[in-house]
Amino acid sequence: MFGFVGVSHTPSAQIQVSQPLAYNPYPPGILPTDLEAEIARVRREVQFIFNEALNEWRALPHPTLAGNPPILRGSGYQAVDILGKLMNFDENMSPFRTEACAFCHMPYAGFSGPIPSVNLTMVAYPGTFHFRAGKRTAQRYTYSPDFPVLEYNTAQGAFFGGNFWDARSTGYKLQSPDAEQAQHPPVDTQEMGFPDTACIAFRLSTAVYRPLFELVWGADFHIRWPANTEKICATPGGAAGFGGSATPIRLSPEDRTKANNIYDHWGQSISKYERSNRLSPFTSKFDAFLKGNYTLTANEMAGYDLFKGKANCNSCHLDGRSTALTPSQTDTGAAANTRPLFTCFGYANLGLPLNPRVALFYQITPDRVGFTPNPYGFAYRDLGLGTFLRSDTNPNSQWVQFAPASDGQMQTSTARDVAMTPPQCPTTEAGQVDANGSPIPYFQKEFFHNGYAKSLKQLVHFYNTRDVYPFKVTSGNCPEGKTEKVDCWTMPEVPNNIDMTTGNLGLTDQEENQIVTFLQTLTDGFTTPYPDIETFTGQCMTGGTAATQGNELLIPTPYLPPCASAICGVQPLPAPTPIP
């Protein structure tokens, strides 16, 4: 197991600051019992990788400007990449200097959520103000820079591109949804939680790696900071004292422009790191197979044939070939000369149930700074893309009209690295055994936007049988004799716009398992070791079965009041039917 013994931490890089009393409005069982210990573990891992990035910077040959327009000759690529890595793992980029971007996105989980117990319970990760947490799973970084700028395709009547589950990172300004995505968590009240984007420029101005930022971007840090800037930046966003202002740091227009410029470069640098060959390297078994350097096993090949055939996965998670849906059809499409990204960049409402374990539902009381994360309680409904289109953060008023047809839709994420786990926990699936019949340790992940599925087996089974075993009950309330996620799928949170290309695929149990086996071939690190994947210092899990993985923690959904008018009463109203 990878250890941290003997690792020195640069005091000027990672400053340890104690946190005020936690915000804990939750009933028993919502927060995992090991949460404090697991937060500490992930923070140690984050600090280790941050120091690793510092050493990479110090070993970097100093690039020089050349040409017209000038470029950083020789090591410019590496300079931006390392800068992005430093910022991604820098805990100083949060009010209490305790949470980096990477806290919710660690390498060994495919840059998704790194705490198994959180993945089993509260779904979203606790932010800098513990234990505020959001409403969705932490999406993987890998291949996210390949998503194009959000656009509405009039011929298909659908949105494509953008980033986040709900597309709110459109990329309209930076022309990179991924770079814009990196700008959201630092000021998200449920995540890193700064009250002002200028706090990033303020903290970067004292960062040990500021010279690298200045070298790459030529940024101007000569900003006249008010005397209360540190106090403001050390206060979580949403605090009543800010009066709803998004810019409580009073800067001159000139200095605000400088801070905004630095914030844009923050996003661009992190996006470069995510686009680099470290994070998105095309080094999976499947990539080796495409190059003729690996032969898929019988089960892997059977899973691939199902993926691009009977299961219809390839219609949305595109592999660069055509799709043959019935045994009588033949796939005559030649392999495209492209990078198969296993996504169509689109959005769909899969008909997932409301997950009562999502921590946000319980955040109905004010915290210590007077902020109430979710005043609607269980009257909240996650309308995904539809809510974004109706919001004041939509940069294109012409899109608002499409909100009713977009309610419930979430991003079609790439299937790449969906099965990535730490080496000592080789699978996401409970109940797997090796050739000798011994249990294979697994790493607990969560799947779909609300973490409803706890294994890839459950994910595939949902696609296969959603419409075979539907019950008009909420999660945790399946009829006696029925097992949720096996022969009972509970009612959808958003009943409009449900994607009907899946739901009754007719797959056998063996065929479902073969698709899971194929999905595991999309994990990077087969041809070249995946960087920092061995930094996991937690515990693997054993026991159980993939079909019922996590079911021991199901809780009954309470009575659901009607959808809050602040969500479902915004024009244009959800249609063709109201959201219950």
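On a predicted model such as this, the values are computed, not experimentally measured, just so you know.

Engineer: Even after reading the chapter, I still don't get the nonpolar core, so can you show me in this structure?
Structural biologist: In globular proteins that are soluble, nonpolar side chains generally tend to be buried together. Grouped together as the largest cluster of nonpolar side chains are 98 residues, with contacts concentrated most on L86, F89, L204, Y209 and W266. Going through the elements one at a time, α1 (35-59), α2 (76-88), α5 (198-204), α6 (210-217), α7 (229-233), α8 (253-275) and α15 (565-568) are the ones with two or more residues in this core. The dominant element in this core, judged by the number of residues it contributes, is α1, at 10 residues. Look past the residues within four positions of Y209 in its chain and what remains in contact with it is F50, W57, L83, L86, M87, D90, M93 and L204. In this structure, A453, L456, L459 and L522 belong to the second largest nonpolar core, which totals 32 residues.

Engineer: Can you help me understand the state of the cysteines in this one?
Structural biologist: As used in these notes, a disulfide is a covalent bond between sulfur atoms, one from each of two cysteines. Tallied over the full model, the rule gives four disulfides. At a sulfur-sulfur separation of 2.0 Å, the disulfide partner of C425 is C540. In this structure, the disulfide formed by C425 and C540 twists by about -80° around the S-S bond and is classed as left-handed. With C425 in the loop between β6 (410-411) and α13 (456-465) and C540 in the loop between α14 (509-519) and α15, this residue pair connects regions lying 115 residues apart in the sequence. What makes C540 partly exposed here is its relative accessible area of 25%. With a sulfur-sulfur separation of 1.9 Å, C563 is cross-linked through a disulfide to C568. Taking the sign of the S-S torsion, 80° for the link of C563 and C568, the bridge is right-handed. Each member of the pair, C563 as well as C568, is classed as buried. When the bonded cysteines of the protein chain are numbered from the N-terminus onward, they pair as 1-2, 3-6, 4-5, 7-8.

Engineer: Whenever I open this one, the pattern of salt bridges confuses me. Can you help?
Structural biologist: It is possible for side chains of opposite charge to pair when their charged atoms get near one another. A full pass over the atoms with the stated rule returns 32 salt bridges. Residues E56 and K85 are paired through a salt bridge, measuring 2.9 Å at the closest nitrogen-oxygen approach. Of this pair, E56 sits in helix α1 while K85 sits in helix α2, and the two are 29 residues apart along the sequence. Judged by relative accessible area, E56 falls into the partly exposed class, the value being 22%. The class for K85 is buried, based on a relative accessible area of 1%. Ionic pairing is found between R136 and D382, a salt bridge with its closest N-O pair at 2.7 Å. Highlighted residues: R136 in the loop between α3 (116-120) and β3 (151-153) and D382 in the loop between β5 (347-348) and α11 (385-390), separated in sequence by 246 residues. Each member of the pair, R136 as well as D382, is classed as buried. Taken together, the shared-partner salt bridges connect E52, E56, D81, K85, R278 and D532 into one network.

Conventions and cut-offs
Residues numbered from 1 in each chain as written. Predicted model: local features only at pLDDT ≥ 70, side-chain atom pairs only at ≥ 80, totals over all residues. Heavy atoms only, no water. Core = buried A, V, L, I, M, F, W, Y, C linked by side-chain atoms within 4.5 Å. Buried < 20%, exposed > 50% of the residue type's maximum accessible area, 1.4 Å probe, protein only. Helix = DSSP H or I, 4+ residues; strand = E, 2+ residues; numbered from the N terminus. Contact = heavy atoms within 4.5 Å. Disulfide = S-S within 2.5 Å. Salt bridge = Lys/Arg side-chain N within 4 Å of Asp/Glu carboxyl O.

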